[in-house]
Amino acid sequence: MSRAPATPLLEVLDLAVDFDRRDSTPLRAVEGVTFRLYPGQTLAIVGESGSGKSVTGLSLLGLQSPGRIARGRALWRESSSHDAEDLLSLRGDAIRAYRGGKIAMIFQEPMTSLNPVMRVGDQIAEAVRLHTDVSARDARSRAVDALAAVAIDEPHRRAREYPHQFSGGMRQRVMIAMAIACRPRVLIADEPTTALDATTQAQVLTLIDRLRREQRVAVILITHSLGLVAGHADVAAVMHSGRILEFAPANTILARPLHPYTVALLRCIPTIRGPIRQRLTTVRDLVRSVEPLSPGLAGHRPWWPNEFHEADRTRATVLIEPEEHHWVRVWADSKAPRGDWAIPGVQTTRIP
Amino acid sequence: MGTEPPTDAPVPPATALRTTNDGPLLSVRDLSVRFDGREVVSGVSFDLSEGQSLGIVGESGSGKSTVARAVLRLIPAASGRVLFEGRDLLALGSRAMREARRSIQMVFQDPGGSLNPRMRVEEIVAEPLRVFRLAADGPTLRRRVQSLLQRCGLPPDAADRYPHQFSGGQKQRIAIARAIALEPRLLVCDEPTSALDVSVQASILNLLTHLQRDMGIAYLFISHDLAVVRHMCHRIAVMRRGMIIEHGTREEVIERPAHAYTRALIAAI
């Protein structure tokens, strides 16, 4: 497998997103999110509902409304010879050119994202014509090709059918077909398999994997389950309370998680092998425990948002890199952090 | 809260319904269900012992939820027998079935959809107790509801709030509190955690494990997630196209799957 080029396709720097509240100060849904994404790489953003993972994805396409970008940049570099463009500064037609074009997005609920009274093929062709300068006829044939690419049998016939004639898993394939018909460089998949059963889940993930490999699409896989990271992501960022709390190559984060929250997220998933525990670990257990220190974090106190300690809200936190390519967020005053500021990002592609 | 209607014809307490047979709590024999002339469940048979869990796994469309609904008589069966405490539920008259329903409760996948949005949590959890006239007066009922909420890990002030004020996981706790209000002997759980984050799923599964140990409730546990079923269930039945294709203890089914389809399900995880 080839090495990814040294230029990141996307560099998100210090992103912060606020949501206004009627009777209170704005809610900071995303705070200081920073990462690099390379072509042909899958980055998993893992977190519970409310962690800010979806808002992060939406912000890249200017879809964070009613949230507001409070800070940050999202630098897009077509190639090393191109100037970087800040996606967060784009408005109107400029961002719409990216949306569904260079950056495609698929959502959890395929039924609500598809127009129920429009033939599936026409919907895909419409998206193609919106973003590329092709004839209606060519757009139509690209739609059929896209359906074939996502392994839908008899694509010519199925293109003439309506969304309700497809099963849940098939509809999600249609969404992916629509996303790839415009040949995006980045695919943002927000919980693409949550509503699907295990075998269909595996098929959809395999499909996304193939796009990454064959077309060097960079994928941002947004999920609540660290279980999905195994085998389907190169790197993973764990988010909580709007912040990246741990960032590392997928294999590293699964084998040697440093933050106790990541450990809890891993242990809460029932497994198909190994001993059956009486009780699954929950995040609540972590809150109750007295900050279990990972040996790899000696001297540092892992950052953890403690709702009972008002003072914690204004205390600074920082991502440190205790081992190569492995970042974890700690309280800034727990020890002088190494270097000034880290931009998590790993240039290598998947370790086979 | 209103006054309790006079309890002139009280339903006998749940214990009186219990028979003294030593057989399984639930015994399903040759159950078939047809929709529009098409057989969607064919000849399904299984046993579930008291206080134990049986998991039924399969993909969507395999018929696993249909089995659960037919057992509860929420949909009619075409043929077969559903022996609960030795009596065939499918042969019961409506009054006898109503009594049997006290001992059999259900928890669904979508906790939001199974809770009446216009009712306060207290009313929701109290409803089965009211229907079966199991509380002498208002204060007794309220105390009973409080203890159920607490048992399911909900804060005391939950009683006065409405379902939309709760997260998905808390809604499922409310649904479970309602389901255990009558101290059932069998709880049918249809994908109870499939709509939840894995971290929330863990706490709901822990709650169900805990309740089973405390109350000795048997679970018929329907899920597409084999790992969850392995965690929860003593025995596992694998369904495909309306039929049980493999059935055994969790060790047998997961460690030594006999059927290629079961092996594929395990490999997909």
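Residues numbered from 1 in each chain as written. Chains lettered and ligands numbered in written order. Predicted model: local features only at pLDDT ≥ 70, side-chain atom pairs only at ≥ 80, totals over all residues. Heavy atoms only, no water.

Asker: Please provide a residue-by-residue account of the overall build of chain B, values included.
Answerer: A tally of regular secondary structure across chain B gives 10 helices and 10 strands. Out of the 269 residues belonging to chain B, those deemed buried represent 52%. At a minimum sequence separation of 6, the contacts of chain B that also span at least 24 residues come to 67%. For chain B, the exposed surface amounts to about 11,600 Å²; the carbon and sulfur share of it is 48%. Between the averaged position of the 34 positive side-chain charges in chain B and that of its 29 negative side-chain charges there is a distance of 1 Å. (Helix = DSSP H or I, 4+ residues; strand = E, 2+ residues; numbered from the N terminus. Buried < 20%, exposed > 50% of the residue type's maximum accessible area, 1.4 Å probe, protein only. Contact = heavy atoms within 4.5 Å. Areas by Shrake-Rupley, 256 points an atom, 1.4 Å probe, with all protein chains shown as cover. Lys, Arg positive; Asp, Glu negative; His and termini not counted. Charge placed at Lys NZ, Arg CZ, Asp CG, Glu CD.)

Asker: Quick one: what's the story with the nonpolar core, residue by residue and with numbers?
Answerer: Among the nonpolar cores identified, the biggest contains 76 residues, and Leu149(B), Ile176(B) and Phe221(B) are the most heavily contacted of them. Here this core spans two domains, and each of domain 1 (23–103 + 186–269) and domain 2 (114–181) of chain B adds at least three residues to it. Apart from the residues lying within four places of it in its own chain, the contact partners of Phe221(B) are Leu54(B), Gly55(B), Ile56(B), Cys189(B), Pro192(B), Leu205(B), Leu208(B), Val228(B), Val229(B), Met232(B) and Cys233(B). Val128(A), Leu147(A), Val174(A) and Ala181(A) belong to the second largest nonpolar core, which has 38 residues in total. (Core = buried A, V, L, I, M, F, W, Y, C linked by side-chain atoms within 4.5 Å. Domains from an automatic or database assignment.)

Asker: Account for the layout of surface pockets, naming residues and giving values.
Answerer: The computed volume of the second largest pocket comes to approximately 1,000 Å³. Mapped by element, the contributors of at least two residues to the lining of the second largest pocket are helix H8 (198–215) and helix H10 (260–267) of chain A together with helix H7 (198–215), strand E8 (218–223) and helix H8 (226–232) of chain B. Broken down by element, the lining of the second largest pocket gets its largest block of residues, five residues, from H8(A). Across the lining of the second largest pocket, the residue classes break down as 23 nonpolar, 15 polar and five charged. (1 Å grid on protein atoms, 1.4 Å probe; cavity = no way out; pocket = protein on both sides within 12 Å on 5 of 7 lines; lining within 4 Å. Points joined across faces, edges and corners; volume = space filled by probe spheres on them. Nonpolar A, V, L, I, M, F, W, Y, C, P; charged D, E, K, R; others polar.)

Asker: With reference to specific residues and values, describe the environment of Leu114(A).
Answerer: Residue and element names in this part refer to chain A. With respect to the helices and strands, leucine 114 occurs in the loop between helix H3 (110–113) and helix H4 (120–131). Judged by relative accessible area, leucine 114 falls into the buried class, the value being 5%. Here the alpha-carbon distance between leucine 114 and tyrosine 162, two residues 48 residues apart in the chain, equals 9.4 Å. Apart from the residues lying within four places of it in its own chain, the contact partners of leucine 114 are Gln123, Pro163, Arg171, Val174, Met175 and Met178.

Asker: For the environment of Ala175(B), give the residues involved together with the corresponding values.
Answerer: All names here are of chain B. Relative to the helices and strands, alanine 175 resides in helix H6 (residues 168–180). Taking C-alpha positions, alanine 175 is 28 Å from serine 45, a pair spaced 130 residues apart along the chain. Filtering out sequence-adjacent residues up to four positions away, alanine 175 remains in contact with Val107, Ser114 and Leu115.

Asker: How would you explain the pairing of strand E1 (residues 10–21) of chain A if you had to name every residue and give the values?
Answerer: Looking along a regular strand, one sees side chains alternate from face to face of the sheet. Residues and elements named next belong to chain A. Note: E1 against strand E4 (residues 68–76), seven bridges, orientation antiparallel. When the bridges of E4 are listed, leucine 10 appears paired with tryptophan 76. Sheet topology note: the E1/strand E2 (residues 24–37) ladder contains eight bridges and is antiparallel. Bridge pairing in E2 links phenylalanine 19 to leucine 27. (Pairing = 2+ DSSP bridges.)

Asker: Just give me the short version of the sheet that holds E2(A), but keep the residues and values in it.
Answerer: Sheet strands pair by backbone hydrogen bonding; their relative direction is either parallel or antiparallel. Residue and element names in this part refer to chain A. Strand order in this open sheet of four strands is E2-E1-E4-E5, and the pairing throughout is antiparallel. The strands lining the two open edges of the sheet, one partner per strand, are E2 and strand E5 (85–86). In this sheet, E5 lies alongside E4 in antiparallel orientation, the contact comprising two bridges. Paired with leucine 75 across the strands is aspartate 86, a residue of E5.

Asker: Describe the pattern of salt bridges, naming the residues involved and giving the relevant values.
Answerer: Residue and element names in this part refer to chain A. Enumeration according to the criterion identifies 33 salt bridges over all chains in this entry. Where glutamate 11 meets arginine 36, a salt bridge forms, and the shortest distance between an N and an O atom there is 2.6 Å. Placement of the pair is glutamate 11 in strand E1 and arginine 36 in strand E2, with a sequence separation of 25 residues. The residue arginine 96 makes a salt bridge to aspartate 93 at a minimum N-O spacing of 2.9 Å. Note that arginine 96 and aspartate 93 are positioned in helix H2 (residues 92–98) at a spacing of three residues, about one turn of the helix. Exposure remark for arginine 96: the relative accessible area of 45% places this residue in the partly exposed category. (Salt bridge = Lys/Arg side-chain N within 4 Å of Asp/Glu carboxyl O.)

Asker: Mind laying out the interface of chain B and chain A, listing which residues take part and the relevant values?
Answerer: A common way to report how large an interface is uses the accessible area buried once the components associate. Between chain B and chain A, the contact holds 27 residues from the first and 29 residues from the second. Counting the surface lost from both chain B and chain A, the interface buries some 2,300 Å², and carbon and sulfur atoms represent 58% of this. Run the count over chain B and chain A and you get zero salt bridges. The interface formed by chain B and chain A contains nine residue pairs in polar contact (both at pLDDT 80 or more). Those elements giving two or more residues to the side of chain B that touches chain A turn out to be H7, H8, helix H9 (250–255) and helix H10 (260–267) of chain B. Per-element accounting of the side of chain B that touches chain A gives the leading share, nine residues, to H7(B). When the residues that make up the side of chain B that touches chain A are grouped by side-chain class, the tally is 12 nonpolar, nine polar and six charged. (Buried area = accessible area lost by both parts, 1.4 Å probe. Polar contact = N/O pair within 3.5 Å; in protein donor to acceptor, adjacent residues only side chain to side chain.)

Asker: Which residues make up the side chain of Asn206(B), and what are the values?
Answerer: Assignment of secondary structure puts Asn206(B) in helix H7. Here Asn206(B) falls in the buried class, since its relative accessible area comes to 9%. Beyond its immediate stretch of four places on either side in the chain, Asn206(B) contacts Gln278(A), Arg279(A), Leu280(A) and Thr282(A).

Asker: Can you break down the sheet that holds strand E4 (residues 79–84) of chain B residue by residue, with the values?
Answerer: Residues and elements named next belong to chain B. Reading across the sheet, the four strands line up as E2-E1-E4-E5 and stay open at both edges, with antiparallel pairing between neighbours. Edge strands, defined here as strands with exactly one partner in the open sheet, are strand E2 (38–48) and strand E5 (87–88). Pairing of strand E1 (residues 26–35) with E4, which is carried by five bridges, proceeds in the antiparallel orientation. Bridge pairing in E4 places arginine 29 opposite arginine 81. Its contacts with the sheet place helix H2 (residues 64–71) against E1, E2 and E4, and it is angled at close to 110 degrees to E1. (Axes fitted to C-alpha atoms, helices over the stretch in contact; angles between N-to-C directions.)

Asker: Describe the domain arrangement of chain B, listing the residues and the values that go with them.
Answerer: Residues and elements named next belong to chain B. Here the domain parsing of chain B yields domain 1 (23–103 + 186–269) and domain 2 (114–181). Relative placement of domain 1 and domain 2: their C-alpha centres are 26 Å apart. In this complex, domain 1 contributes 14 residues to the contact, which on the side of domain 2 involves 12 residues. Viewed at the interface, domain 2 and domain 1 are joined by zero salt bridges. On the surface where domain 1 and domain 2 come into contact, there are two residue pairs in polar contact (both at pLDDT 80 or more). The leading source of residues in the side of domain 1 that touches domain 2 is H7, at eight residues. Across the side of domain 1 that touches domain 2, the residue classes break down as 10 nonpolar, one polar and three charged.

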